[in-house]
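So you can see what is in the structure, the chains are spelled out below.
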Amino acid sequence: MNLPSANDSRPEATRSTRAAERLVLAGAAIAIAGSAWLVDPFAEAAFDAPKRAAVLGGAALGALGLARDGTAPHWRRWSRGARAIAACLLLLVGWWFVAALASPHADVAWPAFRRSLLFLLLLPIGASRALDGRGGRLLLGLFALACASNALLSLAQFGGLELPFEVAQIGGRFKTGALLGNEGYVSLACAMLGAAGAAIAACATQPRARMLGAAALAVAIATIAANRQATSAAALLVAAVVVVALRCDARRFVVLVFAALALVATSALVPPLRAASWERLPLGVDGYQRLTTYRLGAWAAALDMAAARPWTGYGPGTYGAEQQVHRFDVEIATRARFVHPLGATFVYAHEDWLQLAAEAGWPALLLALAAAGALLHGLLRLARGAADVERAVLLALLATGMVAALAWFPMQIPLTASALLLATGRAWRLLAGEATR
């Protein structure tokens, strides 16, 4: 993570540094733009393959810019919280490597591990000084444009428009996936767009910026409503509550919101708590299946995978290879059927936190939760009043991603994963105390 050096005052160093920063910013822009707009009608995975390639290429280009800069990180200057978060993330990457090493599906785990390392390069890219000031604003504008364009195209498809090329969309219930291939993906991106828009509308001082933020929020709400996506709506609602609490300087209320979410999630995960709470409600398995749009089987499989290999899981990217067997095991043990709609498959657990435990064990999940909690706490501590737009936007984006990850998989979708990793890196830089406006 490249932080300013005293030697950068030399003219040649300044020119070299600026060129490196442009390279870093270009890599981040390629990741965002490519993951939003690239489609290859001739590829087997027409939506996913070109988007992942764009993110990997953009991350590699940005990493080249970081290496070209060559400034060593001054870790002793970082705040205590920033050092703790960096330590958690480094340990998480190390544990991810151990999970790949111990995986019974090496042919799946190692390619997934290598791809994830390239994706994770977006963290130091987001934490670089290239995103200070104008660079960060340009990247946020590009992300907003990427989300808004897909949202408007999705609304047009809702009204009857058809894409000018024939491609198979990635699952979904409606043909309103725009250039992302699935209406759920569009809605998740819109939840992040709406969260950023709400933060800008509430905290910006310039009327034009507030109007743009309100317009982004309106487009996001309309798209989520048209696509009937409850998870995205819930994530946007939590983000809006966070923004309002920041605007009213009620940061303790934000802590209470996340504590309540953690309590609800824990009560569903821990069998004795689940038996005393969720299982006492009169819904039954079929009722919960309808309520969660048939996610129970996917979640049960992920839990069973984590229970079977609690330390290292089954390895990166192995959920799809293992979930069917473990779902059947849970059905036999509980004497309940977790049926899917006809033709539906669950390649992902539809719960990013649980999928991490299934693929890398409980220690990996605890490290991720510790890093996320420390990041949110640090941002809340730094947020000062209504005019602190950048921190409000980052808090809103990260809150949206963390809540959406409870019932979807934003870290598996190229556009939302890229934006969340860049936002995480940027938030870390603010906590480290090295960012300039």
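Look above for the structure.
This structure is a prediction, so every number in the text was calculated from the model and none was measured.

### Focus: helix α2 (residues 48–69)
For step 1, the next point in the chain: Counted at 1.5 Å a residue, the expected span for α2 with its 22 residues is 32 Å, and the 32 Å between its end C-alpha atoms agrees.
For step 2, the next point in the chain: Of all the residues in α2, the buried ones are Asp 48, Pro 50, Lys 51, Ala 54, Val 55, Leu 56, Gly 58, Ala 59, Gly 62, Gly 65, Leu 66 and Asp 69.

### Quick notes on the packing of helix α13 (residues 296–308) against helix α14 (residues 319–334)
For step 1, the next point in the chain: Contact geometry for α13 and α14: axes closest at 8 Å, N-to-C directions at 95°. One element, α13, and the other, α14, form an angle in the roughly perpendicular class. Between α13 and α14, the residues in contact are Gly 297, Ala 298, Ala 300, Ala 301, Ala 302, Asp 304, Met 305 and Ala 308 and Tyr 319, Glu 322, Gln 323, His 326, Arg 327, Asp 329 and Val 330, respectively.

### Focus on the nonpolar core
For step 1, the next point in the chain: Core analysis: the largest hydrophobic core is formed by 111 residues, its most contacted members being Ile 32, Leu 122, Phe 143, Leu 379, Leu 398, Leu 415 and Trp 428.
For step 2, the next point in the chain: If we skip the residues at most four places from it in the chain, Leu 415 touches Ile 32, Ser 35, Ala 36, Phe 143, Cys 147, Leu 180 and Ala 189.
For step 3, the next point in the chain: Grouped together as the second largest cluster of nonpolar side chains are 17 residues, Phe 338, Leu 354, Ala 358 and Ala 407 included.

### Some remarks on the packing of helix α16 (residues 362–382) against helix α18 (residues 414–432)
For step 1, the next point in the chain: Interhelical geometry of α16 versus α18 gives an angle of 55° and a closest axis separation of 10 Å. In terms of orientation, α16 and α18 fall into the oblique class. For α16 against α18, the interelement crossing comes out left-handed. Note on element contacts: α18 touches α16 through Thr 424, Ala 427, Trp 428, Leu 430 and Leu 431, opposite Ala 374, Leu 375, Gly 378, Leu 379 and Leu 382.
For step 2, the next point in the chain: Its residues assigned to classes, the contact of α16 with α18 shows eight nonpolar, two polar and no charged.

### Comments concerning the pattern of salt bridges
For step 1, the next point in the chain: Counted according to the given criterion, the structure contains nine salt bridges.
For step 2, the next point in the chain: The residue Glu 331 makes a salt bridge to Arg 327 at a minimum N-O spacing of 3.1 Å. Within this pair, Glu 331 and its partner Arg 327 are both found in helix α14, separated by four residues, close to a single helical turn. Grouping residues by exposure puts Glu 331 and Arg 327 together as buried.
For step 3, the next point in the chain: Here Arg 337 makes a salt bridge to Glu 331, at a shortest N to O gap of 3.5 Å.
For step 4, the next point in the chain: The buried category is assigned to Glu 331, whose relative accessible area is 9%.
For step 5, the next point in the chain: A single network of salt bridges, built from pairs that share partners, joins Asp 132, Glu 390, Arg 426 and Arg 429.

### Structural notes on α16
For step 1, the next point in the chain: Between its first and last C-alpha, α16 extends 30 Å over 21 residues, near the 30 Å set by a 1.5 Å rise per residue.
For step 2, the next point in the chain: Of all the positions in α16, only Pro 363, Ala 364, Leu 365, Leu 367, Ala 368, Ala 371, Ala 372, Leu 375, Leu 376, Gly 378, Leu 379 and Leu 380 are classed as buried.
For step 3, the next point in the chain: As for α16, its buried residues are in contact with α3 (80–102), α9 (230–247), α10 (251–269), α15 (352–360), α17 (389–404) and α18.

### Brief notes about the side chain of Asp 132
For step 1, the next point in the chain: In this fold, Asp 132 is placed in the loop between α5 (122–126) and α6 (134–158).
For step 2, the next point in the chain: Its relative accessible area of 13% is what places Asp 132 among the buried residues.
For step 3, the next point in the chain: Reaching out from Asp 132, the side chain makes a polar contact with the side chain of Arg 426 at a distance of 2.4 Å.

### Overview of the side chain of Arg 295
For step 1, the next point in the chain: Tracing the sequence through the fold places Arg 295 in the loop between α12 (284–291) and α13.
For step 2, the next point in the chain: Notably, Arg 295 is buried but unbridged: the nearest opposite-charge side chain belongs to Glu 183, and the N-O separation is 9.4 Å.
For step 3, the next point in the chain: Polar side-chain contacts of Arg 295 include one of 3.1 Å to the backbone oxygen of Thr 292.
For step 4, the next point in the chain: If we skip the residues at most four places from it in the chain, Arg 295 touches Thr 231, Gln 289, Phe 346, His 350, Ala 407 and Trp 408.

Calculation rules
- Residues numbered from 1 in each chain as written.
- Predicted model: local features only at pLDDT ≥ 70, side-chain atom pairs only at ≥ 80, totals over all residues.
- Heavy atoms only, no water.
- Helix = DSSP H or I, 4+ residues; strand = E, 2+ residues; numbered from the N terminus.
- Expected span 1.5 Å × (residues − 1).
- Buried < 20%, exposed > 50% of the residue type's maximum accessible area, 1.4 Å probe, protein only.
- Axes fitted to C-alpha atoms, helices over the stretch in contact; angles between N-to-C directions.
- Parallel < 35°, antiparallel > 145°, perpendicular 65-115°, else oblique.
- Contact = heavy atoms within 4.5 Å.
- Core = buried A, V, L, I, M, F, W, Y, C linked by side-chain atoms within 4.5 Å.
- Left-handed = near helix turned anticlockwise from the far one by under 90°.
- Nonpolar A, V, L, I, M, F, W, Y, C, P; charged D, E, K, R; others polar.
- Salt bridge = Lys/Arg side-chain N within 4 Å of Asp/Glu carboxyl O.
- Polar contact = N/O pair within 3.5 Å; in protein donor to acceptor, adjacent residues only side chain to side chain.
- Lys, Arg positive; Asp, Glu negative; His and termini not counted.

Any functional reading would require information beyond the geometric quantities listed.
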